[in-house]
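Next come the chains, spelled out residue by residue.
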Amino acid sequence: MLLPPATPADVMQVKVMNKKEFVTQDLLSKIYQDTTPGPRKLSPERQLAEEYGVSRFTIRQALEKLVSIGVVRIVQGSGAWINEQARNNPLVYNSITEKRFDQIRYRMLSLHKKRPDKAAQQIFGIGEESFIWHFCRLRYVDDAPVQLEISSLPVADFPDLNQQAIEHSIQQYVLGKGLTISHMLTTYRAVSVSREQAVLLGCKKGSPAMHINNRGILEGGRVFEVSDIIDINYTCTYVIPYNRDTLTRRQNQGV
């Protein structure tokens, strides 16, 4: 079954934002709006290009993004088919994790040991006489700086942390120690870029950005890393079932 075509309002929206991103988001929306059971596929590239008023190259880019995040699969000679398993994953798209490693590189700006403050002692479960690593790095995607990251790790667990590990993958470094990562606890907050951050990220002071606080947690519950990230090119899409009980609870709180 093919999804419904783009509406005139959809086509107008293409003109006021990045074409590829709009087509990607609109196709995502239509994929999750359509609850018809059974195999489903998207319209052919040529038809989608006509409906959205964009080039086939733009449509191809949007489809590549949908493939990269696991929502669509391309079958040679058959077209773009929707991955039904994607419905079970509420996080559809996260610009931090969807990029391949060959599109990403890091540059370490600093690395040093320091005594933990009260907050770090509590987070890592260490004493005031312990040490933590404190490092700062820039993350480049397609050779453009998009993230400024400041992170801490306990020295006792990672005594040999070095520039090579920081400029590659911290998660791979941790796994290489024989440790098992259980989950990540992440908080997002909209911010404006400071003067110092703007210099490093090559953008204007006051530019909108996302402040991402991340805690990496090992199996057993111990925190192995705390990161604060300023991202000037972050997007995220979730699919969340509507919960009427949540609305009722919030309404009752105001009574």
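Bear in mind that the values here come from a model prediction, so they are computed numbers and not experimental data.

Thresholds applied
Residues numbered from 1 in each chain as written. Predicted model: local features only at pLDDT ≥ 70, side-chain atom pairs only at ≥ 80, totals over all residues. Heavy atoms only, no water. Phe/Tyr/Trp six-rings, centres within 6.5 Å; stacked < 30°, edge-to-face > 60°. Helix = DSSP H or I, 4+ residues; strand = E, 2+ residues; numbered from the N terminus. Buried < 20%, exposed > 50% of the residue type's maximum accessible area, 1.4 Å probe, protein only. Expected span 1.5 Å × (residues − 1). Arc of directions from axis to C-beta. Pairing = 2+ DSSP bridges. Axes fitted to C-alpha atoms, helices over the stretch in contact; angles between N-to-C directions. pLDDT = per-residue confidence, 0-100. Contact = heavy atoms within 4.5 Å. Core = buried A, V, L, I, M, F, W, Y, C linked by side-chain atoms within 4.5 Å.

So, the packing of aromatic side chains
The relation between two aromatic rings is expressed through the spacing of the ring centres and the mutual angle of the planes.
Step number 1: Under the defined criterion, the tally for this structure stands at three aromatic pairs.
Step number 2: Consider the rings of F22 and Y52, whose centres lie 6.2 Å apart with planes at 75 degrees: the pair is edge-to-face. Linking F22 in helix α2 (residues 19-33) with Y52 in helix α3 (residues 45-52), this pair joins segments that are 30 residues apart in sequence.
Step number 3: On the basis of relative accessible area, F22 is assigned to the buried category, the value being 8%.

A closer look at helix α4 (residues 56-68)
Residues spaced three or four apart along an α-helix face the same direction, because each turn holds 3.6 residues.
Step number 1: Over its 13 residues, α4 extends 18 Å from the first C-alpha to the last, a length consistent with the 18 Å expected when each residue adds 1.5 Å.
Step number 2: By the burial criterion, the buried members of α4 are T58, I59, A62, L63, K65 and L66. Taken end-on, α4 shows its buried residues confined to a sector of 155 degrees, consistent with a single buried face. Exposed side chains of α4 directed beyond 90 degrees from the buried face belong to F57 and E64.

A short note on the pairing of strand β9 (residues 223-231)
Step number 1: Extensive coverage of β9 is indicated by the burial of eight of its nine residues.
Step number 2: Summarising the sheet, strand β6 (residues 144-154) and β9 pair through six bridges and their orientation is antiparallel. Of the residues in β9, the one forming a bridge with Q147 is D231.
Step number 3: Hairpin remark: strand β8 (residues 208-218) followed by β9, antiparallel, with four residues in the connecting loop; positive phi at G220, about 105 degrees.

Some points on the sheet that holds strand β5 (residues 132-141)
Step number 1: Pairing is antiparallel in the open sheet, where six strands are placed in the order β4-β5-β6-β9-β8-β7. Of all strands in the sheet, those bounded by a partner on one side alone are β4 (104-114) and β7 (181-192). Adjacent strand axes in the sheet meet at a mean angle of 15 degrees, parallel and antiparallel pairs treated alike.

Some points on α3
Step number 1: By the burial criterion, the buried members of α3 are L48, A49, E51 and Y52. The buried residues of α3 occupy an angular sector of 165 degrees when the element is viewed end-on, so they sit on one face. Of the exposed residues in α3, the ones pointing more than 90 degrees away from its buried face are R46 and E50.
Step number 2: G53 sits one or two residues past α3 and shows a positive phi near 70 degrees.

A word on the confidence of the model for the protein
Step number 1: Summary statistics for the protein give a mean pLDDT of 85 and a share of 87% for residues scoring 70 or more.
Step number 2: Segment residues 10-17 is flagged for pLDDT under 50; beyond a separation of four residues in sequence, or across chains, it makes 12 contacts in the model.

Quick word on the nonpolar core
Step number 1: L27, L42, Y52, I59 and L66 are the most contacted members of the largest nonpolar core, which totals 20 residues.
Step number 2: Elements supplying a minimum of two residues to this core: α2, α3, α4 and β2 (79-82).
Step number 3: Ranked by the residues each element gives to this core, the list is headed by α2, at six residues.
Step number 4: Within the second largest apolar cluster, 14 residues are counted, among which are F158, A165, Y173 and L218.

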